[in-house]
Amino acid sequence: MSLKCGIVGLPNVGKSTLFNCLSSAKAQSANFPFCTIEPQVGMITVPDDRLQHLADICHPVRGIIPTTVEIVDIAGLVKGASKGEGLGNKFLANIRETDAILHVLRCFDDDNVVHVDGSVNPIRDKQIIDTELQLKDLETVESRISKCEKQAKAGGDKQAKALLGLLLRYQAALSEGKSARTVQLESKEEEQMARELMLLTAKPVLYVCNVDEASAATGNSYVEQVREAVADEQAEVMVISAKIESEIAELDNAEERDMFLEEIGLNESGVNRLIKSAYSLLRLRTFLTAGSDEVRAWTFREGMKAPQCAGVIHSDFERGFIRAEVIKYDDFITLGGESQCRAVGKLSVEGKDYLVQDGDIMHFLFNV
């Protein structure tokens, strides 16, 4: 299971600089609008200290295999994108393919970096993109409403009626300038219908406040404005300095990076925090496999049961699932390995209804 996040924002807010820090794929970064035209894609690993601790015990021949996140740097958007202005049509098509949105907002002053609207105002910038995405969603919803009304009336289709009810709630929210994610879904059926609609503003969003170096640890007044503006949204806010992250990315030595972070008052790089935040934004979790061959992280969605997680490794594992052997990470580390856990009864045997937890060390038994 992979995660695909799209980095969006107005031109010159620091999207491509941030992308360059996140990925070894280098997006062009320059001081003019539409520098990024085609989306740049990079695969990055999800930081997880547990993998190294497990490897220190298992000494795997093939080493460590972390789980990954796909990051897409999408072209800057401008007013009128919902009608095709600028690179609007490409922007909207690219963002529709992502699972989550990393919305970068410029929260720093710098006369040497031009702003597409002439001044720094993260709330205005946020509203520009929100409005364009909402207008496109409203167009999608109203198109579906007209079709759905005919189906509901003509055949008395219960599913069409249920979808129509959801569409009308979306229409009301979007018409009021609210994003689709603010609409509360009332059943699993509605959750499925919402996924199939693929609305842009229904996607989980993380607002990334790009600040100056002095504000990297504490934030600033611009960040506080953003926090206040999104208080009623189902969204998260984090602070990062893309400029600092670019400097950290150039340091090859881990000790130098740690010293640099300590000097500016940070315990962890913004890039690591961003990846972890993006990962949790979609309620994604990690189960682990550990042995003499390899130590590996696997991504699963919160709430998945043992057979579904077995299917993450291979579809045959899910199809022929018999049972799962589970060791809690803390027990594995404390006791020093699988055999020690077996010996003291810290390995549990679980069936099809077991809800997998983050950090579970799993071994699946199956028969096809």
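Now for a description of the structure that goes with this document. Counting of residues starts from 1 at the beginning of each chain's written sequence and follows it residue by residue. Note on the predicted model: pLDDT of at least 70 is required for a residue's local features to be given, and 80 or more for side-chain atom pairs to be given and counted; whole-chain, interface and lining totals, by contrast, use all residues. Remark: hydrogens and water are excluded; side-chain values derive from all non-hydrogen atoms of the structure.

**Here we look at the nonpolar core**
Here comes step 1: Core analysis: the biggest nonpolar cluster contains 51 residues, and L22, V69, I71, L102, V208 and L274 have the highest contact counts within it.
Here comes step 2: We count a stretch as a helix when DSSP gives it H or I for four or more residues in a row; a strand needs E for two or more, and each element gets its number in order from the N terminus. Sorting elements by how many residues they give to this core places helix α10 (residues 270-281) first, with six residues.
Here comes step 3: In this view, V69 contacts L3, C5, G42, M43, I44, V46, I275 and Y279; residues no more than four positions away in its chain are not counted.
Here comes step 4: By nonpolar core is meant a set of buried Ala, Val, Leu, Ile, Met, Phe, Trp, Tyr and Cys residues that side-chain atoms within 4.5 Å join together. Three labels apply to residues, based on accessible area from a 1.4 Å probe with only protein chains included: buried if under 20% of the type maximum, exposed if over 50%, partly exposed otherwise in between. I145, L164, A180 and A194 belong to the second-largest nonpolar core, a separate cluster that totals 19 residues. A contact between two residues is defined here by any heavy atoms of the two lying within 4.5 Å.

**Points about the environment of D212**
Here comes step 1: Its place among the elements puts D212 in the loop between β6 (205-210) and α7 (221-229).
Here comes step 2: When its relative accessible area of 29% is taken as the criterion, D212 is described as partly exposed.
Here comes step 3: Separated by 105 residues in the primary sequence, D212 and C107 place their C-alpha atoms 7.5 Å from one another.
Here comes step 4: Once residues within four sequence positions are removed from consideration, D212 is found in contact with C107, F108, N220 and S241.
Here comes step 5: In the analysis that follows, any N or O atom pair within 3.5 Å is treated as a polar contact, provided that within protein one partner can donate a hydrogen and the other can accept it, and provided that, for residues neighboring in sequence, both atoms belong to side chains. One polar contact links the side chain of D212 to the main-chain amide nitrogen of A214, over a distance of 3.1 Å.

**Remarks on unusual backbone geometry**
Here comes step 1: With a phi angle near 50 degrees, H59 is a residue other than glycine that sits in the positive phi range.
Here comes step 2: Its place among the elements puts H59 in the loop between α2 (49-58) and β3 (64-65).
Here comes step 3: Phi at R283 takes a positive value of approximately 55 degrees, unusual for a residue other than glycine.
Here comes step 4: Positionally, R283 belongs in the loop between α10 and β8 (284-290).

**Focus: the side chain of N220**
Here comes step 1: Inspection of the secondary structure puts N220 in the loop between β6 and α7.
Here comes step 2: For N220, the side chain forms a polar contact with the main-chain oxygen of C107, separated by 3.0 Å.
Here comes step 3: At 3.1 Å, the side chain of N220 forms a polar contact with the backbone nitrogen of V223.

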